Amino acid sequence: VANGVEAWETARTGNFDLIFVDNEIPEMSGLELARRLRWEGMTLPIIIATENVMSLVQQDLSFVGLAAILVKPFLLTDLLAAVKRALRERGKPDL
């Protein structure tokens with residue numbers, strides 16, 4: 001998807017095991033996307049990638065329930081580990 005609004009609409013209507021989003025996505029940040037989805041009752045794991053982890057740390061993340069925050073640049077092994085952990089916690093088989 002091209003922006004946060006499209007991500008929100010797609011997440012609400014699609015069939016996914018988890019959501020992976022960049023926090024700096026246009027039109028709606030990844031954190032705002034996560035907040036809206038949680039407010040609507042969505043329980044899918046959400047992994048956010050960000051260049052500025054301090055902007056996330058300074059906010060109340062308790063309601064958002066993120067599965068992971070990855071700081072860019074990150075290694076593919078870090079992403080894979082976060083995805084595996086999030087899926088395992090939901091009872092999904094390993095990749």
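In this text, all values refer to a predicted model and were calculated from it rather than measured experimentally. Just so you know, the residues in each chain are numbered from 1, in the order the chain's sequence is written. Whole-chain, interface and lining totals are the exception, using all residues; otherwise, since this is a predicted model, local features are given only for residues with pLDDT of at least 70 and side-chain atom pairs are given and counted only at 80 or more. With hydrogens and water stripped out, all remaining heavy atoms of the structure feed into the side-chain values.

**Student:** Hey, could you go over the environment of Leu31 for me, with residue numbers and the actual values?
**Tutor:** By secondary structure assignment, the location of Leu31 is in helix α2 (residues 30-39). Placed 27 residues apart in sequence, Leu31 and Gly4 show a C-alpha to C-alpha distance of 9.7 Å. Where helices and strands are cited, they refer to DSSP runs of H or I of at least four residues and of E of at least two residues respectively, numbered from the N terminus.

**Student:** Which residues make up the nonpolar core, and what values go with them?
**Tutor:** Taken as a class, soluble globular proteins show a tendency for nonpolar side chains to be buried jointly. We define the nonpolar core as a collection of buried residues of types Ala, Val, Leu, Ile, Met, Phe, Trp, Tyr and Cys that are connected through side-chain atoms lying within 4.5 Å of one another. Only protein chains enter the accessibility calculation, which uses a 1.4 Å probe. A residue is then buried if its area is under 20% of the maximum for its type, exposed if over 50%, and partly exposed in between. Ranked by size, the top nonpolar core spans 17 residues in total, and within it Ile19, Val21, Leu33, Leu37, Ile46, Ile48 and Leu66 carry the most contacts. Secondary-structure elements contributing two or more residues to this core are α1 (4-13), β1 (19-22), α2 and β2 (46-50). Counting residues per element, this core draws most heavily on α2, which supplies 4 residues. By size, the runner-up hydrophobic cluster in this structure holds 8 residues, among which are Leu18, Ala68, Leu70 and Val83.

**Student:** Go over the packing of aromatic side chains with me, naming the residues and quoting the values.
**Tutor:** Planes of paired rings set the category: under 30 degrees apart is stacked, over 60 is edge-to-face and the rest tilted, where pairs are Phe, Tyr or Trp rings (Trp by its six-membered ring) whose centres lie within 6.5 Å. Tallied over the full model, the rule gives 1 aromatic pair. Pairing Phe20 with Phe74 gives two aromatic rings, centres 6.2 Å apart and planes at 90°, and the pair type is edge-to-face. Linking Phe20 in strand β1 with Phe74 in the loop between β3 (68-71) and α4 (76-89), this pair joins segments that are 54 residues apart in sequence. Sitting over the ring of Trp8, Arg12 keeps its end group 4.3 Å from the ring centre. Definition used: whenever NZ (Lys) or CZ (Arg) falls within 6 Å of the ring centre and also within 35 degrees of the ring normal, the charge is taken to sit over that ring. Here the basic side chain of Arg36 rests over the ring of Trp8, its NZ or CZ set 5.6 Å away from the ring centre.

**Student:** Now, about the environment of Ala49: what can you tell me, with residues and values included?
**Tutor:** Relative to the helices and strands, Ala49 is located in strand β2. Separated by 22 residues in the primary sequence, Ala49 and Val71 have C-alpha atoms spaced 5.8 Å apart. Between two residues, a contact is recorded if the distance between any of their heavy atoms is within 4.5 Å. If sequence neighbours within four positions are ignored, Ala49 has contacts with Phe20, Val21, Asp22, Asn23, Glu24, Leu70, Lys72 and Phe74.

**Student:** I'd like to hear about the pairing of β1, residue by residue, with values.
**Tutor:** In β1, alternate side chains face the same way, and those of Ile19 and Val21 are buried while those of Phe20 and Asp22 on the opposite face are not. Strands are labelled as partners when DSSP assigns at least two bridges between them. Direction of pairing for β1 relative to β2: parallel, over a ladder of 4 bridges. For Val21, the partnering residue across the bridge sits in β2 and is Ile48. For the handedness criterion, the strands are oriented away from the viewer, and a crossover whose path from the first strand over the helix to the second runs clockwise is classed as right-handed. Handedness of the crossover is the feature at issue here: the chain leaves β1, passes through α2, returns alongside β2, and the resulting connection is right-handed.

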